[in-house]
Amino acid sequence: MKLKPWQKSLLSMIIIIIGGFILFNFAFILTALVVRATMFIIRAPENMPPPYIGRYITVILILIMSYIVFRSRLNDTIKATYLTMPLMVALVMIGLSLYGKPQWVIYGTGALVIFAVTFYLYKKKLSWLYYFSTFYVAILGLYIMISGMEI
């Protein structure tokens, strides 16, 4: 059975949404494991707030994975799906880093990241799938902030 172009596009969008959700959970679990491991290694007491080093290590691991994925010969749907994870991690890290600052600062910084990624996609003339991933993450991040959802 051969899919029509609009069916392929719809399938790609569904893959990005579902795959992105799975990757978000993977990133949060990875962060929790790395933060727990760093707390164990430094023998931090249970009531101590998590050390920043755990977050930094997670970001470095995700950057290494991103380098490998984006340099690979995987198709655009898979790469665009993967793009959701580092983008969401970036937005969450911005939110955590700027916690306590005025909301407009967090929104503005997140918007700058989304704008920079969109500009990069435009300059590189990448597939519409990457734009879809970027805006999916932006809308989801905005929803999380507006709804007051705890991460």
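What you see is a predicted model, and the numbers here were worked out from it, not measured in a lab. (Residues numbered from 1 in each chain as written. Predicted model: local features only at pLDDT ≥ 70, side-chain atom pairs only at ≥ 80, totals over all residues. Heavy atoms only, no water.)

1. Describing the overall build of the chain
Tallying secondary structure elements over the chain gives five helices and zero strands in all. For the chain, the succession of helices and strands along the chain, N to C, is α-α-α-α-α. Reported as C-alpha extents along the three principal axes, the dimensions of the chain are approximately 60 × 35 × 25 Å. In the chain, which comprises 151 residues, the share counted as buried stands at 35%. (Helix = DSSP H or I, 4+ residues; strand = E, 2+ residues; numbered from the N terminus. Buried < 20%, exposed > 50% of the residue type's maximum accessible area, 1.4 Å probe, protein only.)

2. Regarding the layout of surface pockets
Considering only enclosed or pocket space, the second largest pocket measures out at about 560 Å³ in volume. Around the second largest pocket, the lining comprises 19 residues; the ones closest to its centre are Ser66, Phe70, Leu83, Tyr120 and Leu121. Sorting the residues of the lining of the second largest pocket by element identifies α2 (52-71), α3 (76-97) and α4 (103-124) as the ones contributing at least two each. Considering each element in turn, the lining of the second largest pocket owes the most residues, seven residues, to α2. Of the residues assigned to the lining of the second largest pocket, the class counts are 15 nonpolar, one polar and three charged. (1 Å grid on protein atoms, 1.4 Å probe; cavity = no way out; pocket = protein on both sides within 12 Å on 5 of 7 lines; lining within 4 Å. Points joined across faces, edges and corners; volume = space filled by probe spheres on them. Nonpolar A, V, L, I, M, F, W, Y, C, P; charged D, E, K, R; others polar.)

3. With respect to the packing of aromatic side chains
Under the criterion given, the structure shown has six aromatic pairs. Arranged with centres 6.3 Å apart and planes meeting at 20°, the rings of Phe115 and Phe119 form a pair that is stacked. Of this pair, Phe115 and Phe119 are both found in helix α4, four residues apart, which corresponds to roughly one turn of the helix. Under the relative-accessibility criterion, Phe115 is labelled exposed at 58%. (Phe/Tyr/Trp six-rings, centres within 6.5 Å; stacked < 30°, edge-to-face > 60°.)

4. With respect to unusual backbone geometry
Phi angles above zero are rare outside glycine, and Lys125 is one such case at about 55°. Tracing the backbone shows Lys125 in the loop between α4 and α5 (128-147). Overall, the relative accessible area of 72% leaves Lys125 in the exposed class.

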